[in-house]
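What follows is each chain in one-letter form.
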Amino acid sequence: MLNEIKKIESELEKKFAEIKNFDDLNNVKTYFLGKKGVVSALGPMMASLSSEEKKECGIKLNELKNKINDKLDEIKEKFEAIELETKLKSEAIDVTLPATKLNIGSSNILERIIEEVEELFMSMGYDVVDGPELEEDRFNFELLNIPKGHPARDAQDTFYIEDENILLRSQTSPVQIRTMLEYKGEKPVRMICPGKTYRRDDDDATHSHQFMQIEGLLVDKNISLSDLKGTFDVLAKKLFGPDIETRFRPSYYQFTEPSVETDISCFNCHGKGCNICKNTGWITVSGAGMVHPNVLRNCGYDPSVWTGFAFGFGAERLAMLKYGISDIRTFYMTDLRELKNFDRKELNND
Ligand code: DAH
């Protein structure tokens with residue numbers, strides 16, 4: 001028995017030296033201490049020994065087992081330390097390396113110009129109001145002083161839905177009507193309404209069957225055309241720079257009297273004449289005027305007490321002018337290269 005133990009002891013170093021990984025470690029453990037391992041095999045041999053020998057061999061056998069276990073634990077700890085170190089090395093992050101650039105989306109340039117206009121008007125106490133795009137004829141036309149069969153309707157080629165009473169709004173002006181009706185002629189109105197509008201236009205570089213208008217309305221006591229002029233002047237300067245001048249030209253709309261066409265001095269050539277202003281030095285940006293007494297009356301406002309001004313302009317046209325975009329269709333496409341270009345255009349302008 002003691003010989004057997006010695007034999008096993010002489011094997012130890014060689015077996016331990018062969019351990020290169022966790023699998024080897026397990027195999028060696030099984031080889032010595034497993035149920036059928038060489039050390040376990042000595043157990044039954046004890047039965048035939050004298051009690052003296054049993055005692056001696058028992059101690060030796062235990063020492064052997066402990067020695068093997070200790071050594072295997074030691075090797076295991078070493079392997080675990082190496083494994084941890086390799087893992088840490090592989091997961092190391094070099095914080096000095098340049099970061100991977102994330103592609104982050106941004107709002108459309110059209111959306112941004114609308115926000116700019118909204119911010120300005122909100123700072124002057126206006127509300128931003130929404131209205132339905134599917135509109136009733138009376139809001140889009142009749143209450144705006146454009147009765148059925150009136151030739152002024154021809155100017156706005158309208159998409160009718162099912163019958164002649166429901167349509168895709170051809171302008172944001174119906175939101176003026178809705179707001180005034182809601183206020184019941186009792187209190188002043190200050191609102192702008194940016195929103196989608198639709199006309200049966202053939203799409204080309206300057207026309208789109210769907211486009212954005214920004215409508216504005218102010219109704220109060222003692223409001224005159226000069227209030228409109230001042231407001232428009234502030235807007236023009238905010239969007240196109242402090243040197244911009246503004247002017248009104250007489251025009252005609254059913255819902256305003258007098259009506260005007262609003263021009264800004266050309267931000268590109270400052271009046272010298274260029275292709276943007278078609279050599280006139282001026283660029284037309286919106287329609288506007290004093291709210292027609294009929295419209296005020298239709299909405300419950302007494303025109304002898306209340307007066308107001310209204311304006312409406314195309315958001316795309318403003319953005320095209322501001323950022324030098326020549327085709328309206330670029331706003332509605334999904335080509336990321338073009339959209340990125342918008343960002344650059346804005347940066348250059350600011
Ligand atoms: N709704 C007009 C259009 O689409 C624009 C407009 C002109 C709106 C004068 C107004 C206004 O509110 O007062 O052509």
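Everything numeric in this text was worked out from a predicted model, so none of it was measured.

Further remarks concern the overall build of the protein. Broken down by element type, the protein carries ten helices and ten strands. Radius of gyration (C-alpha) of the protein: 43 Å, far over the 20 Å computed for a compact globule of 350 residues. Taken along its principal axes, the extent of the C-alpha atoms in the protein is 130 × 45 × 40 Å. By the burial criterion, 41% of the 350 residues in the protein qualify as buried. Counting only contacts in the protein whose residues sit at least 6 apart along the sequence, the fraction spanning at least 24 positions is 66%. Computed over 47 positive and 60 negative side-chain charges, the separation of the two mean positions in the protein equals 6 Å.

Our focus in this paragraph is the site of the ligand. The ligand sits among 16 residues. The nearest are Gln171, Gln176, Arg199, Gln213 and Glu215. Between the ligand and Gln171 there is a distance of 2.7 Å, counted from a nitrogen atom to a side-chain nitrogen or oxygen. Take Phe311: an N or O atom from its main chain is 3.4 Å from an oxygen atom of the ligand. Of all elements in the fold, only β6 (210–220), β9 (282–291) and β10 (307–314) reach the threshold of two or more residues within the shell around the ligand. Taken together, the residues that form the shell around the ligand break down as five nonpolar, nine polar and two charged.

Where helix α2 (residues 22–33) contacts helix α3 (residues 51–90), the two axes come as close as 11 Å, and the packing angle between them is 175°. One way to sum up the angle between α2 and α3 is to call them roughly antiparallel. Two secondary-structure elements touch here, α2 through Phe22, Leu25, Val28, Lys29, Phe32 and Leu33 and α3 through Lys65, Ile68, Asn69, Leu72, Ile75, Lys76, Phe79, Glu80 and Glu83. Class assignment of the residues belonging to the contact of α2 with α3 gives a composition of nine nonpolar, one polar and five charged.

Within a sheet, each strand pairs with its neighbour through backbone hydrogen bonds, oriented either parallel or antiparallel. What the three strands build is an open sheet, ordered β2-β4-β3; its pairing is antiparallel. Each end of this open sheet is capped by a strand with a single partner; those strands are β2 (134–136) and β3 (159–161). Direction aside, neighbouring strands of the sheet carry axes that sit 40° apart on average. Bridge count for β2 against strand β4 (residues 166–168) is three bridges, and the pairing is antiparallel. The residue bridging Leu134 from the neighbouring strand is Leu168, located in β4.

This paragraph deals with the packing of aromatic side chains. Going through the model one piece at a time under the given rule, you end up with eleven aromatic pairs. Taken together, a centroid distance of 5.3 Å and an interplanar angle of 85° make the contact between Tyr301 and Trp306 edge-to-face. When its relative accessible area of 1% is taken as the criterion, Tyr301 is described as buried. Centre to centre, the rings of Phe311 and Phe313 are 5.9 Å apart; their planes meet at 5°, and the pair counts as stacked. We classify Phe313 as buried; its relative accessible area is 4%. Three or more aromatic residues link up through ring pairs in this structure, and these residues are Phe121, Tyr126, Phe309, Phe311 and Phe313. For the cation-ring pair, Lys229 lies above Phe248, with the distance from its terminal atom to the ring centre recorded as 6.0 Å.

Turning our attention to the sheet that holds strand β8 (residues 256–265). Strand order in the open sheet formed by seven strands is β1-β5-β6-β10-β9-β8-β7, and the pairing between neighbours is mixed. The open sheet terminates on both sides in strands that have one partner only, identified here as β1 (127–128) and β7 (246–253). Packed on one face of the sheet, helix α4 (residues 109–123) meets β1, β5 (189–198), β6 and β10 and runs near 165° to β5. The strands touched by helix α6 (residues 174–183) within the sheet are β1, β5, β6 and β10, with β5 carrying the most contacts at an inclination of about 145°.

In this section: the nonpolar core. Core analysis: the biggest nonpolar cluster contains 44 residues, and Ile264 and Phe331 have the highest contact counts within it. Elements with a minimum of two residues in this core: α4, β6, α7 (225–240), β8, β9, β10 and α9 (315–323). For this core, the element with the most residues is α4, which contributes seven residues. Leaving out residues up to four positions away in the same chain, Ile264 has contacts with Phe232, Ala236, Phe240, Ile244, Glu245, Thr246, Gly281, Trp282, Ile283 and Val285.

Thresholds, definitions, all that
Residues numbered from 1 in each chain as written. Predicted model: local features only at pLDDT ≥ 70, side-chain atom pairs only at ≥ 80, totals over all residues. Heavy atoms only, no water. Helix = DSSP H or I, 4+ residues; strand = E, 2+ residues; numbered from the N terminus. Rg over C-alpha atoms; globule rule 2.2 N^0.38 Å. Buried < 20%, exposed > 50% of the residue type's maximum accessible area, 1.4 Å probe, protein only. Contact = heavy atoms within 4.5 Å. Lys, Arg positive; Asp, Glu negative; His and termini not counted. Charge placed at Lys NZ, Arg CZ, Asp CG, Glu CD. Near = heavy atom within 4 Å. Polar contact = N/O pair within 3.5 Å; in protein donor to acceptor, adjacent residues only side chain to side chain. Nonpolar A, V, L, I, M, F, W, Y, C, P; charged D, E, K, R; others polar. Axes fitted to C-alpha atoms, helices over the stretch in contact; angles between N-to-C directions. Parallel < 35°, antiparallel > 145°, perpendicular 65-115°, else oblique. Pairing = 2+ DSSP bridges. Phe/Tyr/Trp six-rings, centres within 6.5 Å; stacked < 30°, edge-to-face > 60°. Lys NZ or Arg CZ within 6 Å of the ring centre and 35° of its normal. Core = buried A, V, L, I, M, F, W, Y, C linked by side-chain atoms within 4.5 Å.

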